Amino acid sequence: LRLATEEKLYPDLFGPALQALRREQSRLARQIVVHAVERGELPAGTSPGLVLDALYGVLERRYILTPAHRIPRLEPDMRRFAVEAVDFVLAGVTAG
């Protein structure tokens, strides 16, 4: 998140490198969703972008809105929360 902000403030300095990194991360994440559709694990026509936006939204919201002093207490449960977030998004995708 910080790098995304810095990129907007200093596009000449951070823009090209971050854009390349973001493109690669996006390609890999979208590929995971596409493969899940191809394997029949997600419904045909599932939008990889929408799935990822929903997942990232849940995770980023938790991080942004959690007060800094509470982060250390949440760290032991972060993996569990990530799994719950994925399960939540996938439940919505597959509810049909």
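Preceding block: the structure.
Our subject in this report is the structure included herewith. (Residues numbered from 1 in each chain as written. Predicted model: local features only at pLDDT ≥ 70, side-chain atom pairs only at ≥ 80, totals over all residues. Heavy atoms only, no water.)

Attention shifts here to the packing of helix α2 (residues 11-38) against helix α3 (residues 48-65). To characterise two packed helices, one gives the angle between the axes of the helices and the distance between these axes. Between α2 and α3, the least distance of the axes is 9 Å, while the angle of their chain directions is 115 degrees. Crossing handedness for the pair α2 and α3: right-handed. Residues Ala 29, Arg 30, Val 33 and Val 34 of α2 form the contact with α3, whose own contacting residues are Pro 48, Gly 49, Val 51, Leu 52 and Tyr 56. Here the residues of the contact of α2 with α3 are counted per class, giving 7 nonpolar, 1 polar and 1 charged. (Axes fitted to C-alpha atoms, helices over the stretch in contact; angles between N-to-C directions. Helix = DSSP H or I, 4+ residues; strand = E, 2+ residues; numbered from the N terminus. Left-handed = near helix turned anticlockwise from the far one by under 90°. Contact = heavy atoms within 4.5 Å. Nonpolar A, V, L, I, M, F, W, Y, C, P; charged D, E, K, R; others polar.)

On the surface, Leu 1, Tyr 63, Ile 64 and Leu 65 cluster together to form a nonpolar patch covering roughly 450 Å² of accessible area. Counting through the fold element by element, Leu 1 comes out in the segment before α1 (2-9). Looking at Leu 1, the relative accessible area reads 48%, which means it is partly exposed. (Patch = residues over 30% accessible without salt bridge, like charges linked within 9 Å, V, L, I, M, F, W, Y side chains within 5 Å. Areas by Shrake-Rupley, 256 points an atom, 1.4 Å probe, with all protein chains shown as cover. Salt bridge = Lys/Arg side-chain N within 4 Å of Asp/Glu carboxyl O. Buried < 20%, exposed > 50% of the residue type's maximum accessible area, 1.4 Å probe, protein only.)

So, on to α2. By the largest-angle criterion, Leu 18 marks the main kink of α2, which is about 25 degrees. Taken together, the buried positions of α2 are Gly 15, Leu 18, Ala 29, Val 33 and Ala 36. At its buried positions, α2 is contacted by α1 and α3. (Bend = angle between axes of the 7 residues up to and from the residue.)

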